[in-house]
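Observations on the model geometry
These are the residues of each chain, in order.
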Amino acid sequence: MRNIPVLILIILPLLGNVCAGGELPDLTHEQQVVTNIIAGKARYGGVLPDSFVLEMAIAGYSRLKAEGRLSVPSVLTVIDYSLPSTAERLWVFDVNSGKLLYNCLVAHGRNSGELYATAFSNIPGSFTSSEGFYLTGDTYYGRHGLSLYLDGLEDGINHNARDRYIVIHSADYVTREFIKKHGRLGRSHGCPAIPPHKHKDIIRTIKGGSCLFIYAPVEDYTEKSSILNKGSDDQV
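Residues numbered from 1 in each chain as written. Predicted model: local features only at pLDDT ≥ 70, side-chain atom pairs only at ≥ 80, totals over all residues. Heavy atoms only, no water.

Right, let's get into the overall build of the protein chain. Counting its secondary structure elements, the protein chain contains seven helices and seven strands. Expressed as a percentage of the 236 residues in the protein chain, the buried residues total 50%. Expressed as a percentage of contacts within the protein chain between residues at least 6 apart in sequence, the contacts between residues at least 24 apart total 63%. In the structure as shown, the protein chain presents an accessible area of about 11000 Å², 50% of it carried by carbon and sulfur atoms. (Helix = DSSP H or I, 4+ residues; strand = E, 2+ residues; numbered from the N terminus. Buried < 20%, exposed > 50% of the residue type's maximum accessible area, 1.4 Å probe, protein only. Contact = heavy atoms within 4.5 Å. Areas by Shrake-Rupley, 256 points an atom, 1.4 Å probe, with all protein chains shown as cover.)

The following block contains the structure:
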């Protein structure tokens, strides 16, 4: 699985050719997404997730796209819960251009931890975050205003997302002002809550069937993931 650094070494020398009007040789879909994101960083700037996290996100995204499960394949959202809540640990990418559309704060569940998320669960009422791959659903208006349903795609890992009411919504405890007062973000009931001043734009961009990957420091996740391990000997 740890092949992103190798892909980068292969792809970077080719990017200059693309910028000069040349063409890349045929690439796998996974390699093409990596190429787009690397080119996007060079063109638009921004900070990328850790290469290992991005690798897993792209691998799962590519499989879901190949299976025709993404109604909105042009967008990929990544959350890295190994980072502290004071970090901007949510990224939204335009997969085709590689442009980083959004990079912002995101809260984790109350019982997952304080500054760091260290506990994760799929159990209703646990008030924890759940890792893994999700599909974004429809929007609705609730107590937090515009919100977004999420469907967990991995049995035993996050498949209870709907029953647990795990959604993307805004919260006034997801701000730099809250961090200044408390040294960390506030925490949700398990939802990836995002800043009030960005939530409408982000939700409207990713709604309706795009891929969301939540990385968490769970030791056996890669072995249990039905998305990452499905047909692992096949090339996507």
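Ranked by size, the top nonpolar core spans 30 residues in total, and within it L76, F133 and F213 carry the most contacts. Broken down by secondary-structure element, the contributors of at least two residues to this core are α2 (29-44), α3 (51-66), β1 (75-80), β2 (90-94), β4 (132-142), β7 (211-215) and α7 (226-229). If one sorts the elements of this core by residue count, α3 sits on top with nine residues. (Core = buried A, V, L, I, M, F, W, Y, C linked by side-chain atoms within 4.5 Å.)

As summarised here, the arrangement of the seven strands in space is β3-β2-β1-β7-β4-β5-β6, forming an open sheet in which the pairing is mixed. Both outer strands of the open sheet, β3 (100-104) and β6 (167-168), are each paired with one neighbouring strand and no more. By the bridge criterion, two bridges tie strand β5 (residues 145-152) to β6 in an arrangement that is antiparallel. Paired with L148 across the strands is I168, a residue of β6. (Pairing = 2+ DSSP bridges.)

The subject of this paragraph is unusual backbone geometry. Negative phi values dominate among residues other than glycine, just as trans dominates among peptide bonds. Even without glycine at this site, F127 takes up a positive phi of about 55°. One can find F127 in the loop between β3 and β4. Backbone geometry at Y165 places phi at a positive 60°, although glycine is not the residue there. Given the relative accessible area of 65%, Y165 is considered exposed.

With that settled, consider the packing of aromatic side chains. If you walk through the whole model with that rule in mind, you get five aromatic pairs. Between F52 and Y215 the ring centres are 6.2 Å apart and the planes differ by 75°, which places this aromatic pair in the edge-to-face class. With F52 in helix α3 and Y215 in strand β7, the pair connects residues that are 163 residues apart, well separated along the chain. This pair shows no difference in class: F52 is buried, exactly as Y215 is. (Phe/Tyr/Trp six-rings, centres within 6.5 Å; stacked < 30°, edge-to-face > 60°.)

Here we come to the packing of α2 against α3. Interhelical geometry of α2 versus α3 gives an angle of 130° and a closest axis separation of 9 Å. With respect to each other, α2 and α3 are oriented oblique. Handedness of the α2/α3 crossing: right-handed. Contacts from H29, E30, V33, V34 and I37 in α2 reach L54, E55, I58, A59, Y61, S62 and K65 in α3. Within the contact of α2 with α3, the residues separate by chemical class into seven nonpolar, two polar and three charged. (Axes fitted to C-alpha atoms, helices over the stretch in contact; angles between N-to-C directions. Parallel < 35°, antiparallel > 145°, perpendicular 65-115°, else oblique. Left-handed = near helix turned anticlockwise from the far one by under 90°. Nonpolar A, V, L, I, M, F, W, Y, C, P; charged D, E, K, R; others polar.)

A few words now on the side chain of S147. Looking at the element boundaries, S147 is found in strand β5. Those residues in contact with S147 that lie beyond four places of it in its chain are D138, T139, Y140, I168, H169 and I203.

A large share of β2 lies buried, amounting to four of its five residues. Examined bridge by bridge, β1 and β2 share five bridges and lie antiparallel to one another. Opposite T77, over in β2, you have V92 as the bridge partner. Where β2 folds back on β3, the antiparallel hairpin that results is connected by five residues, among which G98 adopts a positive phi of roughly 80°.

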